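# A look at the structure
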Amino acid sequence: MKLMIGLGSCGIASGGLKIKEMFSAMARENPGINLVISETGCMGMCYMEPMVELIDDEGQGTVYGCVSPEMAKEIFEKHILGGAPVEDWVVMKRDGSGPEADFITKQQRIVLARCGRINPESLDEAIAMDAYKGLEKAIKSMTPAEVIDQVLASGLKGRGGAGFPTGLKWKFAAAPVADQKYIICNADEGDPGAFMDRSILEGDPHSVIEGLVIGGYAIGATEGYIYVRAEYPIAIKRLEIAIRQAEERGFLGNNILGSDYSFHLHIKQGAGAFVCGEETALLASIEGRRGMPRMRPPYPANKGLFGKPSNINNVETLANIGWIILNGAEKFAAIGTEKSKGTKVFALAGKVKNSGLVEIPIGASVKDVVFGIGGGTSSGKPFKAVQIGGPSGGCIPAGLSDTIIDYDTLAETGAIMGSGGMIVMDEDNCMVDIARYFLNFTQVESCGKCTFCKIGTKRMLEILERITKGQGEEDDIEKLELLADQIKRNSLCGLGQTAPNPVLTTLRYFRHEYEAHIKDKKCPAHLCKPLITYEIDEEKCTGCTVCARKCPVDAISGSLKSPHVIDGLKCIKCGICLSACKFDAISVD
Amino acid sequence: MKININGKDYEAKAGQTILQVCRENGIDIPTLCHDERLKPFGSCMLCRVEVEGSRGTMLSCGTEITDGMVIRTDTEAVGKSRRVCLELLVSQHRGDCKAPCNLACPAHIDVQGYIAHIANGEYEQALKLIKDRNPLPVVCGRVCTRPCETECRRNAVDGSVAIDYLKRYVADLDLEKDIPYLPEKAPATGKKAAIIGAGPAGLSAAWYLAAMGHEVTIFERRKAPGGMLRYGIPAYRLPRETLDREIDIIKSLGVEIIHGKNFGTDITLESLKAEGYDSVLLAVGSQLGQAMGIAGEDRCSNVLRGVDFLGSVTEGKAPEFNGKSVMVVGGGNTAMDCSRTALRLGAESVTLVYRRTKDEMPAEKMEIEEAEYEGVIFSMLTNPKAVREEEGKIVVTLARMELGEPDASGRRSPMEIVGADFDVTADYVISAIGQTQDLSFVDEDCPVSVSRSRLVADEDTGMTNLEGVFAAGDAVTGPQTAIMAIAAGRKAAFAMDQYMRGEKIVPEKKYYNHTKAVSYEELDPSEFEDVEREERVKMPMLTKEQRHLNFDEVELGISEEQAVKEALRCLECGCEDANECKLREYATEYGIKQDAFKGAVEEHPIDDSHPYIKRDQNKCIMCGCCVRICEEVQALGILGFVDRGYNATVQPELCQPFGSVENCVNCGQCVSACPVGALTEKSPLSKPGPFVEEVTDTICTFCGAGCSLQLRTVGDLIVRATSVAGEGINNGNLCESGRFRTGLLNSDKRLKTPLIRKDGELVPCTMEEAIKAIGAETTDNLVVYISGRATNEEAKVLASIAAKKGGKTASFGIDPAAESFYTLCPDKLVTSYEDIKTADLFVAIKYDIFENPYVLATAVRRAVRQGAGYISADFITKEVKEAISAAKNPVVVLGPAFDPALLPELAMMDAKVLIPAIRCNSRGVAKYLDVEQDLVQIAESLIIWGEDPVGYGKGREVLDKAKFTVVCDLFLTETARLADVVLPMGSFAENSGTFTNVFGNTQEVRQAFEGISNLKTLDELTSALGSAEPKEYSCKALVDCPAYVANGADVLELM
């Protein structure tokens, strides 16, 4: 039997290491049992961490979720020693049964195929699940041009956000003749709420390395870089191990798989500047300069890293490559919609019941993801909107939840596919505040170079801040729209050009919320503290004193069995009274 | 390639950017971050243009053209983006373009500028600056209401700068001159302008119109000119003879004043037209005193009106006040004038009746104080209700008042206390409560528009509804201040000029003026906490006793010492870069509003640590030009970007103070690249201005490189040196000396008069005395030492002096070996910076190029950084030889201490040689030296021209052995101290001539201002030393100047 413990960042954060230690200790106490304890990356169901999967000798996997130390003991005793699954705690079985199986069965996993199924530090396990087979095929039986043709034919688009056809990008980089070319993996994932790239690197680093080597072969690059943020230590560690393993087996280094082709790969750790995800800034950062975007042209395909032709692809894009080459472009192109092919990984987060890593065929609807896989809102309150594409993206309202997830359809809504952050919001989310949050992120992360991004986003942010404080002015919406339009048109790089999107989409679908803040000085979601008041209904108040006792600032007064009153001046609008009142006597407006 | 811009086809070269092509063809595209010296950057985002077929707009600075490209730079969308961009930039800008005093002045006089001139001792410049906006500074220096001082930021420290006293100081100084300042008059236009009224508006208009070349006649109904200045302001404030003299200056510019002419009766629009006047200005003022409108007023003969009373005093028809009691009604300046005048006429008592309290009085505080000091009794919160005559006296019924709620003007309105009336007796009552306009000339024949008893005229041009008829001053505004009338007169003059020339009338350009705070009250006083306290100057004044019964001027004027000290109190609020700032220029062009996107503005302390550069981040627009020029051109990289988002800034390395960065070579390239006032030169003057500078294109004379330089001067002061980006042999690059040290020539330690040795001491003498002594004492055993600082022309004259005497020429500082080498091996010469750019190896012999601050070092450093090799050696070793033969374009740089024996060896090698010249004209002067002689000559008589050899080599010995020594130099050097006669030398800013630089180019150095002429001194020397006839210097001397002939290819502009 084999016990796999989920030790992606999510698993580790939820206490997975302790669970692993317990199982190991119990195994030591039972010498001679048929048990291999191994680890794996993120299994996808982050909401169920820590997770373990017990694979019996027939290969049948039983997945347990939210494993506590007590549960671990019982699973060991009953299932491992006793051979009988603890059915109450089973999340799913690999045959597709189990209460949470929908989360996985409704997905289509190409990029994540090995994530959560193999030990990311074991090359053999990866190879057993087809790793490097695409590379072998490319090197041994295809010319670089044929590789590019395959990628072109697959319809794969860059998964980093902009959605530029990967094959075309490779073609551009392959064209120039140069003594040196580079291929670079952009692993500077920084969108709030996005963790796709990290999970792939932690769960299946070989998939990315394979993509890089195939890409290098295709464009003629002999050097490669993985630009990964230093905040991803586990990913870096597993990448380092994977690179070493790949070099040992001849998948990397000189004369790959016995061919004439040599390729060397380096890891460059980023220092956490979001803008370094922009490719020209990323190049500057690798070169040791300040990560600041520059004008294009020249495009990196002509003058990139150290002035040489370079190609930059996102983690997820590269993780698709091996599969495409191995299985053929047609098979990949069969998935998805007419214009957008393949699958897309989303980091489903926010107020959703089942948060985690989701890979769906392009063309599924927002509803499919939020309800079908995500299980609806975690609060049980009405679903309000989903933010797709991170700070560069936009909010799609509940009313448009039938929207198909593909590049073009999402763009029509004002959102973008982005890199795959998907944040679910319920009715308690104030949309002005959401816009303010995302804009604050882009403002702080702006490199400060160009006027529109540096100053324009700051001015927009200040307007949003004053609106949420109840100090909105008559022409603020007009000003926001003017600035948003100008910033989109005139900023130097993608960061600035997309920064206004969260504001624009919330203005498009939730304009009334802005107006309520500005004109009526009310926050419909009851979130913006300066705009809300708490009141006690005299009729309903029984004078139980609970609220007064719980109030942290003694803003509630009243004697036993008589109606209480809230002092609006003292009240800090924490909402404790509201949740403490058993008689529904406290209201917020 | 063919491209189309804004619908027109243009030819362009491949590789050019859109911006370059547009600029070449005069199509204006704004940009703040682009500099032709630098790679395109793309931070300001102003230069975006529309390109057909492209997604969105393109940055014209970084986009290369393609054949057939269709570009639009002028669409509404492009304009809108530019405006928003500029509005965003100004929204985070913190500073003042112009000082608040300047903005507050109705005439917008450059107050900060003239105060700076005064601080620098340039009084004439100060006066010129004032007269550019106000031709009546003598008057205004006495009577102005000084809105400038109200807004003065120094109020937040210890009281405003005494701006008005300073103006008076320079104006009075000019008035006392035999020939006061007159502006240069434009050629006569043949047009005639008639001005009705010789008050401040009319006089002001007349001055500017006359200066613009028009024939100007003022028609005045009174016997003397000045209007209210004469008939409304008492003589103790503005003495009549002083006023007359200032008006005389205006007349001397060609303004005729015809007195005794009433407009509407004696002359009419019709008659003026008939007399050939092309335009008319109505500047009739506001002459009628207003009645109080109370019972009995008209029946009492001794109830006078303020302006009438003051006018009668001027005319010598003052009523008999001796021993009488006088009541003056009102709280304005006229009331104070009437009160103080009444006292001077001998009134026994003067009581000022005002319905509010002293705090609400519109009169100037100082006037109120003086009135009180002189003995005027203030009866506050009283208001006349009726007057009647009783027994030859006037009984005034006064109501008692109290202050109620503030009214629309913000002042608390007076309310009558019912039943508290009381009677007061006086001999005279003067009502000084206001004036109105006599517009009786307006009729069918002169149908000029009138509203509320005022002429209707455009505020910016004075245009009325009648063609060719303009109006200005109180007649338009109602009774206002002199300075407002002066400003209005000036505006009208410019409009009349345009009208008479048949041009479209456009008002003066209104510049964008950024402000830190709109008014003084909005300022954060903590900003001024560190300003050292310095009391405001006190105006010396007559004592109360001295003022008794006379109209002598009360204010006596401040001294020069006081004026300079007061001028130094100025806080220099206005930006040093206001005249050159590109942000201001574009903001003006695009009509930007400062607060379109109001938001948080970071306040940064000003970094003053650098010896030459002031760094004011509050004005930084993050264009990165400074960062990039330091990196890309100077190959240093001292400045960089720090932080992200809105907090991103430019900082010196490791965020240390700018002055602490060790690697900075003080070249000032960052200043030259800064499009705004974030990096500015520190001024060598007491006050930095900013001034309107004279710009002289000349060359730097610090070393032999001969860098092109723009010398910026004001009067005879050097303000700063700049360069034109990309131009000259230096491509606009300057070193520390060239950019920042020319100001040293302003030093007051400069020699100004000749000195002669008497009884062993050097004492000042006249030029005649000095020349006489030189003629008498100089023997034929003469050596003339010529410095490498002498021009070719000076060297030629010096050589001829030596030749005449049968003496020799020599130089302590010029090595003849170098020049011989140049002559022998011209092909080995490094002839320009191009040779350095293309070099792939540098061999420095006994010379540390990188320790050398000059532009040469920058060129080498950049080449080395781009891959050229660099070897430093003391000799030409075997390794050096090998390296040279392996290199494609090797350059050998010799230090000043090189061994001349190397030269033959170098002549054999395949390398270019650069011998950096220490002096600006070492190579030119070398041609005049008797180089076959020993370098250093011992002789009986010496003339040492600009050298200071004491302490070096045989210098002292030569001097000691000579019997008679003449030294000519800028300063009293060690050598000069030993001389028998010392002659002052003029600097390169004061002289013209040519210099031959290290690359062999002969270039012109041009005089920036008149000072000591070296050629004149040489003429004197020539005649003293026996030349047949002294000849006036003429540039013809250049024609046979060998340095010039040798470089005949260099086209020189001969003067």
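It should be noted that the structure appears before, not after, this text.
Predicted model only: the values in this text are computed from it and were never measured.

## A few points about the overall build of chain B
On a plain count of helices and strands, chain B comes out with 35 helices and 43 strands. When its C-alpha atoms are laid out on the principal axes, chain B stretches across 120 × 85 × 60 Å. Within chain B, the proportion of its 1055 residues that are buried is 58%. Total accessible area computed for chain B in this model is approximately 44,400 Å², and 49% of it derives from carbon and sulfur atoms.

## Quick notes on the packing of helix α7 (residues 144-154) of chain A against helix α10 (residues 205-219) of chain A
Residues and elements named next belong to chain A. Between α7 and α10, whose axes approach to 7 Å, the crossing angle comes to 120°. As summarised for this structure, α7 and α10 are arranged oblique, according to the angle between their axes. For the pair α7 and α10, the sense of crossing is left-handed. Along its contact with α7, which presents P144, V147 and I148, the element α10 presents I214, Y217 and A218. For the contact of α7 with α10, the class distribution of residues is six nonpolar, no polar and no charged.

## Points about the pairing of strand β12 (residues 325-329) of chain B
Residue and element names in this part refer to chain B. In terms of burial, β12 is largely enclosed, as five of its five residues are buried. The side-chain alternation of β12 yields two buried faces, one formed by S325, M327 and V329 and the other by V326 and V328. One ladder, built from five bridges, connects β12 with strand β13 (residues 349-354); its direction is parallel. Within the sheet, the bridge partner assigned to S325 lies in β13 and is S349. Between the parallel elements β12 and β13, the chain passes through helix α14 (residues 333-344) in a crossover that is right-handed. When β12 meets strand β19 (residues 428-431), the two strands line up parallel, connected through four bridges.

## So, the interface of chain A and chain B
Contacts between chain A and chain B engage 30 residues on the former and 32 residues on the latter. Taken together, the two surfaces of chain A and chain B that pack against each other cover about 2,700 Å², and 60% of this comes from carbon and sulfur. A per-residue breakdown of the area chain A buries against chain B is headed by M295, K454 and R459 of chain A, which together make up 23% of the total. Applying the counting rule to chain A against chain B returns one salt bridge. One salt bridge in this structure joins R644 of chain B and E445 of chain A, with 2.4 Å as the shortest N-O distance. Taken together, the links from chain A to chain B amount to 19 residue pairs in polar contact (both at pLDDT 80 or more). Among the elements of the structure, α17 (431-445), α18 (451-468) and α19 (476-490) of chain A are those that each provide at least two residues to the side of chain A that touches chain B. For the side of chain A that touches chain B, the residue count by class is 12 nonpolar, nine polar and nine charged.

## What to know about a negative patch on the surface
A cluster of like negative charges, contributed by D537, E538, E539 and D584 of chain A, occupies part of the molecular surface. Judged by relative accessible area, E539 of chain A falls into the exposed class, the value being 74%.

## Observations regarding the sheet that holds strand β23 (residues 469-471) of chain B
All names here are of chain B. In space, the five strands of this open sheet follow the order β8-β7-β6-β9-β23, with parallel pairing throughout. Each edge of the open sheet carries a strand with a single partner, namely β8 (255-259) and β23. Strand-to-strand twist across the sheet, computed as the mean angle between neighbouring axes with direction ignored, equals 20°. By the bridge criterion, five bridges tie strand β6 (residues 192-196) to strand β7 (residues 215-220) in an arrangement that is parallel. What sits directly across from I196, in β7, is F219. The strands that helix α17 (residues 482-500) touches are β6, β9 (279-282) and β23; relative to β9, the one it contacts most, it runs at about 165°.

## A short note on the pattern of salt bridges
One pass over the full model with this rule turns up 104 salt bridges over all chains. The partner of E125 of chain A in a salt bridge is K2 of chain A, and the shortest N-O contact between them spans 3.2 Å. Note that E125 of chain A is positioned in helix α5 (residues 123-128) and K2 of chain A in strand β1 (residues 2-6), a separation of 123 residues in sequence. Relative accessible area serves as the criterion here: at 24%, K2 of chain A is assigned to the partly exposed category. A cluster of three or more residues bridged by salt bridges with shared partners is formed by R237, D337, R340, R344, E367, E370, E374 and R547 of chain B.

## A closer look at the pairing of strand β16 (residues 393-406) of chain B
Each regular strand shows side chains that alternate between the opposite faces of the sheet. Residues and elements named next belong to chain B. Bridge analysis of strand β15 (residues 382-390) against β16 gives eight bridges, and the strand direction is antiparallel. The partner of E390 across the bridge, within β16, is K393. From the end of β15 to the start of β16, which pair antiparallel, there are two residues, and E391 there has a positive phi angle of about 50°. Sheet topology note: the β16/strand β18 (residues 422-426) ladder contains five bridges and is antiparallel. If you follow I394 over to β18, its bridge partner there is A426. Relative to strand β17 (residues 412-416), β16 is paired through four bridges, and the arrangement is antiparallel. In the strand pairing of β17, P406 is matched with R412.

## Considering the sheet that holds strand β30 (residues 717-722) of chain B
Residues and elements named next belong to chain B. Sheet architecture is open: three strands sit in the order β28-β29-β30, paired in antiparallel fashion. Strands at the two margins of the open sheet, each flanked by one partner only, are β28 (694-699) and β30. Across this sheet, the average inter-strand angle for adjacent strands is 30°, counted without regard to direction. In this sheet, β30 lies alongside strand β29 (residues 708-714) in antiparallel orientation, the contact comprising five bridges. Bridge pairing in β30 places L711 opposite A721.

## Considerations on the packing of aromatic side chains
Residues and elements named next belong to chain A. Per the stated rule, a full pass over the model turns up 24 aromatic pairs over all chains. On the basis of an interplanar angle of 45° and a centroid distance of 6.5 Å, the ring pair of F23 and F76 is categorised as tilted. Highlighted residues: F23 in helix α2 (residues 16-29) and F76 in helix α3 (residues 69-81), separated in sequence by 53 residues. For F23, a relative accessible area of 0% corresponds to the buried category. Note on F76: relative accessible area 1%, which makes it buried.

## Structural notes on unusual backbone geometry
A cis amide bond, omega -5°, links E49 of chain A with the succeeding residue P50 of chain A. Here P50 of chain A shows up in the loop between β2 (36-40) and β3 (52-55). Residue P690 of chain B follows G689 of chain B across a cis peptide bond; omega there is 0°. Take P690 of chain B: it is sitting in the loop between β27 (679-681) and β28. At Y132 of chain A, a position not held by glycine, the phi torsion is positive, near 65°. By the secondary structure assignment, Y132 of chain A is in the loop between α5 and α6 (133-141). For Y132 of chain A, a relative accessible area of 1% puts it in the buried group. In the Ramachandran plot, C655 of chain B falls in the positive-phi region, its phi being about 55° despite a non-glycine side chain. When its relative accessible area of 45% is taken as the criterion, C655 of chain B is described as partly exposed.

## Topic: the packing of α14 of chain B against helix α15 (residues 365-374) of chain B
Residue and element names in this part refer to chain B. At a closest axis distance of 10 Å, the pairing of α14 and α15 adopts a crossing angle of 25°. Considered as vectors, α14 and α15 are oriented roughly parallel to each other. Note on packing geometry: the crossing formed by α14 with α15 is left-handed. Here N333, M336, D337, R340, L343 and R344 of α14 come into contact with α15, specifically with E367, I368, E370, A371 and E374.

Reading the values: the criteria
- Residues numbered from 1 in each chain as written.
- Chains lettered and ligands numbered in written order.
- Predicted model: local features only at pLDDT ≥ 70, side-chain atom pairs only at ≥ 80, totals over all residues.
- Heavy atoms only, no water.
- Helix = DSSP H or I, 4+ residues; strand = E, 2+ residues; numbered from the N terminus.
- Buried < 20%, exposed > 50% of the residue type's maximum accessible area, 1.4 Å probe, protein only.
- Areas by Shrake-Rupley, 256 points an atom, 1.4 Å probe, with all protein chains shown as cover.
- Axes fitted to C-alpha atoms, helices over the stretch in contact; angles between N-to-C directions.
- Parallel < 35°, antiparallel > 145°, perpendicular 65-115°, else oblique.
- Left-handed = near helix turned anticlockwise from the far one by under 90°.
- Contact = heavy atoms within 4.5 Å.
- Nonpolar A, V, L, I, M, F, W, Y, C, P; charged D, E, K, R; others polar.
- Pairing = 2+ DSSP bridges.
- Right-handed = clockwise from strand over helix to strand, strands pointing away.
- Buried area = accessible area lost by both parts, 1.4 Å probe.
- Salt bridge = Lys/Arg side-chain N within 4 Å of Asp/Glu carboxyl O.
- Polar contact = N/O pair within 3.5 Å; in protein donor to acceptor, adjacent residues only side chain to side chain.
- Patch = residues over 30% accessible without salt bridge, like charges linked within 9 Å, V, L, I, M, F, W, Y side chains within 5 Å.
- Lys, Arg positive; Asp, Glu negative; His and termini not counted.
- Charge placed at Lys NZ, Arg CZ, Asp CG, Glu CD.
- Phe/Tyr/Trp six-rings, centres within 6.5 Å; stacked < 30°, edge-to-face > 60°.

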